[in-house]
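What follows is the residue order along each chain.
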Amino acid sequence: MTVTFRKEGQIGFLTIERPEVFNCLNVDTLATMREHIAEIALDKEVRAVIVTGAGEKAFCAGADLKERRTMTEQQVQRFIRLIRDTFTELERLPKPIIAAINGAAFGGGTELALSCDLRVMSETAQMGLTETSLGIIPGAGGTQRLPRIVGKAKAKELIFTARRISAQEALQIGLVNRIVPQAEVINTAVELANEIIANAPIALAQAKYAIDFGMEVDLATGLAIESNAYAITIPTKDRLEGLEAFKEKRKPVYRGE
């Protein structure tokens, strides 16, 4: 399998399994990833997902350029649509997604990380939207997601120069949330996931929805989106459990109901 999915308790692990080619993305890899994403969306047992790459050298080195060279222009267009749609479907999962960047993440690899909610990066890894050096532009959301995370001017600098940046710079500009030694990337992502899934899954889904869609509109509309998302949590059993647990001075047990 080019992509695997496994569960450990309430955490799912989506792993690109092509370390021999730096976990680059071909048509089969994206199709398999998309199938797993569809399954994750319906799996109530999974409350957080960690996305990573097999091995220690690469998180994801982007598109498989060897395969790309064999494609016609129409096939390239279909591939770009596939990768863009796959990343959007990952981004829209109603549960927190953490990128565990265990190695190099270039081009589509950085775009994959951008489609996740949070990013934990190895201190020795590098990231970069390198497409302009190949005569193209980021086509899987990079021109849109990067400026929303690091700001327009910094995003333009990174995309225009096709520069690869260190983990330290990625942290400094707010591209990643945490940097840790390479051997600790997965464990740190798991610790972060465990901290998140201690909270109510419906509330997490609605908070993610309110943030993601509220960022795209004016403040008044964003506040309306927040109010509607809040209203969804009011009739839930989890909200009552949270109040009861607070009263009884114990940890709540949330069931996503």
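Structure: above.
Read on for an overview of the structure. (Residues numbered from 1 in each chain as written. Predicted model: local features only at pLDDT ≥ 70, side-chain atom pairs only at ≥ 80, totals over all residues. Heavy atoms only, no water.)

This part is about the overall build of the protein chain. The secondary structure content of the protein chain amounts to 11 helices and 10 strands. Taken over the C-alpha trace, the protein chain has a radius of gyration of 19 Å; the compact-globule value for 257 residues is 18 Å, and the two agree within 12%. Taken along its principal axes, the extent of the C-alpha atoms in the protein chain is 60 × 40 × 35 Å. Split into buried and exposed, the 257 residues of the protein chain put 47% on the buried side. For the protein chain, the share of sequence-separated contacts (at least 6 apart) that also reach a separation of at least 24 residues comes to 67%. Counting every atom, the protein chain has about 13,300 Å² of accessible surface; 55% of that belongs to carbon and sulfur. Here the protein chain contributes 32 positively and 33 negatively charged side chains, and the mean placements of these two sets differ by 2 Å. (Helix = DSSP H or I, 4+ residues; strand = E, 2+ residues; numbered from the N terminus. Rg over C-alpha atoms; globule rule 2.2 N^0.38 Å. Buried < 20%, exposed > 50% of the residue type's maximum accessible area, 1.4 Å probe, protein only. Contact = heavy atoms within 4.5 Å. Areas by Shrake-Rupley, 256 points an atom, 1.4 Å probe, with all protein chains shown as cover. Lys, Arg positive; Asp, Glu negative; His and termini not counted. Charge placed at Lys NZ, Arg CZ, Asp CG, Glu CD.)

With that settled, consider the pattern of salt bridges. All chains considered together, the criterion is met by 14 salt bridges. The partner of glutamate 241 in a salt bridge is arginine 250, and the shortest N-O contact between them spans 2.7 Å. Here the residues in one salt-bridge network are Lys154, Glu157, Arg163 and Glu169, joined through shared partners. (Salt bridge = Lys/Arg side-chain N within 4 Å of Asp/Glu carboxyl O.)

This next bit is on the sheet that holds strand β8 (residues 126-128). Reading across the sheet, the 4 strands line up as β4-β6-β8-β9 and stay open at both edges, with mixed pairing between neighbours. Each having just a single partner strand, β4 (58-60) and β9 (165-166) make up the two edges of the open sheet. Judged from the 2 bridges that link them, strand β6 (residues 104-106) and β8 form a sheet pairing that is parallel. Note that in β8 the partner of alanine 105 across the bridge is methionine 127. (Pairing = 2+ DSSP bridges.)

With that out of the way, let us pick up helix α1 (residues 27-42). With 16 residues, α1 ought to run about 22 Å at 1.5 Å a step, and its terminal C-alpha atoms sit 24 Å apart, in line with that. Residues of α1 that are buried: Thr29, Leu30, Thr32, Met33, His36, Ile37 and Ile40. Summarising the axial view, the buried residues of α1 lie within an arc of 160°, below the 170-degree limit, and thus occupy one face. Residues of α1 that are exposed and angled more than 90 degrees away from the buried face: Glu35, Glu39 and Leu42. (Expected span 1.5 Å × (residues − 1). Arc of directions from axis to C-beta.)

Pairing in this open sheet of 6 strands is mixed, and the strands run β1-β2-β3-β5-β7-β10 from one edge to the other. The strands lining the two open edges of the sheet, one partner per strand, are β1 (3-8) and β10 (178-180). Looking at each pair of strands side by side, their axes are set apart by 20° on average, direction ignored. (Axes fitted to C-alpha atoms, helices over the stretch in contact; angles between N-to-C directions.)

Structurally, the position occupied by asparagine 102 is in the loop between β5 (97-101) and β6. Between the C-alpha atom of asparagine 102 and that of glutamine 74, which follows or precedes it by 28 residues, the distance is 33 Å. Apart from residues no more than four positions distant in its own chain, asparagine 102 is found in contact with Thr52, Gly53, Ala54, Gly55, Glu56, Ala58, Phe59, Ser122, Gln182 and Val185. A distance of 3.1 Å separates the side chain of asparagine 102 from the side chain of threonine 52, its partner in a polar contact. (Polar contact = N/O pair within 3.5 Å; in protein donor to acceptor, adjacent residues only side chain to side chain.)

For phenylalanine 22, which is not a glycine, the phi torsion comes out positive at approximately 55°. Here phenylalanine 22 is to be found in the loop between β2 (11-16) and α1. Overall, the relative accessible area of 42% leaves phenylalanine 22 in the partly exposed class. The backbone of asparagine 23 sits at a positive phi, close to 55°, despite the residue not being glycine. By the secondary structure assignment, asparagine 23 is in the loop between β2 and α1. You can call asparagine 23 buried: its relative accessible area is 0%.

As a further point, take the side chain of glutamine 206. Within the element layout of this structure, glutamine 206 appears in helix α9 (residues 201-214). Those residues in contact with glutamine 206, other than ones at most four positions away along the chain, are Ala229, Ile232 and Thr233.

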